[in-house]
Amino acid sequence: MKNFDILIVGGGLAGLSAALNAPPRLKVAVISKVHPLRSHSVAAQGGINAALGNNPDGKDDSWKKHAYDTVKGSDFLADQDAVNLMCKSAIPALYEMDGLGAPFSRFTDGCIAQRPFGGAGYPRTCYAADRTGMVLLHTLYEQCIRKNVHFHDEWLVTNLVVHEGRCQGVVAYDLASGKIMPLKAKAVIFATGGYGRVYLRSTNAFINLGSGIGMAYKAGIPLKDMEFVQFHPTSLYGKNILITEGARGEGGYLYNNKGRRFMEDYAPSAMELAPRDIVARAIQTEIDKGNGIDDRFVHLDLRHLGREKLLKRLPGIRDICLLFAGIDLIDSPIPIEPAQHYSMGGIDVDATCASSVEGFYAAGECACISVHGANRLGGNSLLDAVVFGKIAGRTAGEYVEGAAEDNRFDRVIVQHAAEWNTKVETLMAKDGGENIYKLLFELKDVMSEKTGIFRSKKNLEEALQAISTLRERYQNAYIFGSCRRYCQEFVTLVEFDSMLDIAEVIVLGAINREETRGSHFRLDFDKRNDDDWLKHTLVTPSEKGPVIGYKDVTLGEYEPVERKY
Amino acid sequence: MDIQFKILRYDPIKDEAPHFRNYTSRPDPKDSILEAIKQIRDEQDPSLSFRYSCREAVCGSCAMVINGAITLACRTTVESLKIGRIVIEPLPNLEIQKDLIVDMDPFYLSMKTIQPYLLPSEEPPETGHRIIERKMENIDQYINCIWCGSCYAACPVASRDHRYLGPAALAKLYRFIKDPRDGRPSTHWKIVDNEKGLWGCDTVFRCNEVCPKEVRPADGIEGLRREIIAHKAKKLLKKKS
């Protein structure tokens, strides 16, 4: 059995940041179900926040102002100690990325350029044109090559092994060989990303099925605040490819079918640069009211910014619009609609990235610390991944250096792997049953229809019922092909099991939270209710099913006030 | 409209040779080829294997051969092919692992060989570098590389000589050499100052043609050649004086 000190699962920004910051003397490896450069971090466009004060309009910016914007943006559900840590760490983290080779865009004086972003009082979003995620991911991967980090690409973790309250390792499926392998590790860090493809309309990569979150849950670790699902206001209509918030940061306008900048009615002072929850709701409301173009979308207009600026600052989304919509944003407005984008909730960890299980850590989108509360600000997710990835690598390193070698439970890991082997064989031996891709489509459809931007008890309960039916049908799923190698059906089968849990926990949290906060909007409880609901939702698995509990929010100097923009 | 898809299938363990399998499907004309083959997989044949991730031409997973042309499946639309029959094959010049999935390791290895990371000669300044934007614009096109392997697969030199590093790796080295923050000594250029490096290029520019991100790797190779010649000339002049 392969044996590691630290196993990092996921090769996106958080995973690579953890790998680069784990003590080099330890035996560390990164497992990823795709080659790391194919991770979804690569698709982040607009930028990463840090109060550098480089923009002439942002000279007075400070990490404290960044922290306040983040807390207010979170609708006061974020833990303020963790937010302070992230925003303070942002400044050195940015300079570090610059020093590692990230090609940030520059102002004329040569310092890192910064643009305005939604919900931020100052222009503090650092960027590399509109491919910031790509350059950061490539930079960290390059540095991993330099530091000889060990990678196992195209291995899918099938489950997390926890025994006697301690993390023992994982079981993984190697796509190239088709083998199931037990892997022992003193510490495991999940940096497995979000679950965007639980929804039909999502900006996320096709691979974002989110199983890491479900695997942690199956191993007994609570999930926190899962009802908070971010819908990005501007995804390309039909394809739902992200059109960066940077487009509005650079000065883009939103128009309805009457040619009106409708944000005036929803956020008269911030207008298009209100936080994402508010802009996404505004767009959906306009479409629902009949103010959408063809009743389906609104326009994001960038034409007034001029050709030169658009080519320099937003070349990537111009390419996306040309390719996928056949329009040139230099002379046409972009048809956009909201789509699922990010998970504020995730695996319950603290600000050191530690979970309730000894030796198990999580960072990045799969984790919930919480720094984003009920609504994440644009530019804070890359930051979260870089900063907390680093912290996770260090925390796990410290833990491993104090942990003794323990061989008592090796058989447990081996046994888990054997069970998976039997499972694959059974699935492959079946002659017929449910097509996993069909089940996946139906789950997405239910989630988009019933648990989207506007929620009600009735719709949520219908979703819960549909998920339970899908769970029964899943028992009957089978593998159509006869080859164990690169069996993507098996990958989807494994991940779907977790997706059912994720969907259930999202819906349960949403039914239970009888208030409106951040991204969670209840038509039947349309006000925030701090007296009853200024608390985190925690869902823990049990033999009888999910158990809902709560946890206090760590407040600080920022008192909850009504959010106005 | 019904469209015939002819997709190459191969399981090297079971099959004697690669073979085509035909599927009839009715994709939306605006669908990408990636969406179209995903639909075939989801609805007709879940055993079909191919790589994919972002579906927006930034992750570099889905390079393949579509009607004879190397391209990303996600950035090619069904309607752009203007033909009722679509033939899909894996990237050439790399071994097939299964169906449309090839072994990318030779390509990744070539990338690693050139030390594809910033090598500063001194500690970075604590409050970040000051860089003139124009200097960064020099390397802009090379930063676009998404490691999709299209140029490597298309390169006639790489296909006849597997020791050749290939266009992407050479362009990547140029990206770092031209980065004002990089301080690698010129001795590092030795890795490529030979026939398996930048003197191996046949300058037929297949790489520029197929690159889905307009990196134009051959520009980088040419740039490297210029740098090295200039460097050698300088050294020679120094010796003489």
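Given the structure is predicted, the values throughout are model-derived calculations rather than measurements. (Residues numbered from 1 in each chain as written. Chains lettered and ligands numbered in written order. Predicted model: local features only at pLDDT ≥ 70, side-chain atom pairs only at ≥ 80, totals over all residues. Heavy atoms only, no water.)

S.K.: Break down the sheet that holds strand E4 (residues 69-72) of chain B for me, citing the residues and quoting the values.
M.R.: All names here are of chain B. An order of E2-E1-E5-E3-E4 is seen for the five strands of this open sheet, with the pairing classed as mixed. Taken across any chain shown, the strands that pair with only one partner, and hence form the sheet edges, are strand E2 (19-25) and E4. Taken pair by pair, the neighbouring strands of this sheet meet at an average axis angle of 30 degrees, ignoring direction. Across the face of the sheet, helix H1 (residues 33-43) comes into contact with strand E1 (3-9), E2, strand E3 (63-66) and strand E5 (85-89) while running at roughly 80 degrees to E1. (Pairing = 2+ DSSP bridges. Helix = DSSP H or I, 4+ residues; strand = E, 2+ residues; numbered from the N terminus. Axes fitted to C-alpha atoms, helices over the stretch in contact; angles between N-to-C directions. Contact = heavy atoms within 4.5 Å.)

S.K.: Just give me the short version of the environment of Cys 151 of chain B, but keep the residues and values in it.
M.R.: Residues and elements named next belong to chain B. You can see Cys 151 is positioned in helix H5 (residues 150-154). Sequence spacing of Cys 151 and Ile 132 is 19 residues, and the spatial spacing of their C-alpha atoms is 30 Å. For Cys 151, the residues in contact, after removing those within four places along its chain, are Pro 167, Ala 168, Cys 207, Val 210 and Pro 217.

S.K.: Which residues make up helix H12 (residues 436-450) of chain A, and what are the values?
M.R.: Helix length check: H12 of chain A, at 15 residues, gives a terminal C-alpha distance of 21 Å against a target of 21 Å (1.5 Å per residue), a fit within 8%. Buried residues of H12 of chain A: Ile 436, Tyr 437, Leu 439, Leu 440, Leu 443, Lys 444, Val 446, Met 447 and Ser 448 of chain A, and no others. Each element contacted by the buried residues of H12 of chain A is listed here: helix H13 (457-474) and helix H14 (488-512) of chain A together with H1 of chain B. Two or three places before Tyr 437 of chain A, at the opening of H12 of chain A, Asn 435 of chain A has a side-chain oxygen 2.8 Å from that residue's backbone nitrogen. (Expected span 1.5 Å × (residues − 1). Buried < 20%, exposed > 50% of the residue type's maximum accessible area, 1.4 Å probe, protein only. Polar contact = N/O pair within 3.5 Å; in protein donor to acceptor, adjacent residues only side chain to side chain.)

S.K.: Give me the lowdown on the interface of chain B and chain A, citing residues and values where you can.
M.R.: Facing the 65 residues of chain B at the interface are 56 residues of chain A. Taken together, both faces of the contact between chain B and chain A bury some 5,100 Å²; the carbon and sulfur share is 52%. Among the residues of chain B in contact with chain A, Pro 46, Arg 55 and Glu 56 of chain B are the three that bury the most area, contributing 14% of the side total. Counting the contacts that link chain B with chain A gives eight salt bridges. At the junction of chain B with chain A, the criterion picks out 33 residue pairs in polar contact (both at pLDDT 80 or more). Listed by contribution, the elements that provide at least two residues to the side of chain B that touches chain A are H1, strand E6 (96-98), helix H2 (105-113), helix H3 (133-137), helix H4 (140-143) and helix H7 (167-177) of chain B. Sort the elements by how many residues they give to the side of chain B that touches chain A and H1 of chain B lands first, with five residues. Class assignment for the residues of the side of chain B that touches chain A results in 28 nonpolar, 13 polar and 24 charged. (Buried area = accessible area lost by both parts, 1.4 Å probe. Salt bridge = Lys/Arg side-chain N within 4 Å of Asp/Glu carboxyl O. Nonpolar A, V, L, I, M, F, W, Y, C, P; charged D, E, K, R; others polar.)

S.K.: So what's going on with the packing of aromatic side chains? Residues and values would help.
M.R.: On inspection of all chains with the given rule, the structure shows 20 aromatic pairs over all chains. The interplanar angle of 80 degrees and the centroid separation of 6.2 Å between the aromatic rings of Trp 420 of chain A and Phe 490 of chain A together place this pair among those described as edge-to-face. Note that Trp 420 of chain A is positioned in helix H11 (residues 410-429) and Phe 490 of chain A in helix H14, a separation of 70 residues in sequence. Neither residue differs from the other here; Trp 420 of chain A and Phe 490 of chain A are each classed as buried. Here the aromatic residues Tyr 141 and Phe 151 of chain A together with Phe 107, Tyr 108, Trp 147 and Tyr 152 of chain B are joined through ring pairs into a cluster of three or more. Lying across the ring of Phe 4 of chain A, Lys 27 of chain A places its NZ or CZ 5.2 Å from the centre. Taking the ring centre of Tyr 342 of chain A as reference, the NZ or CZ of Arg 376 of chain A above it sits at 4.0 Å. (Phe/Tyr/Trp six-rings, centres within 6.5 Å; stacked < 30°, edge-to-face > 60°. Lys NZ or Arg CZ within 6 Å of the ring centre and 35° of its normal.)

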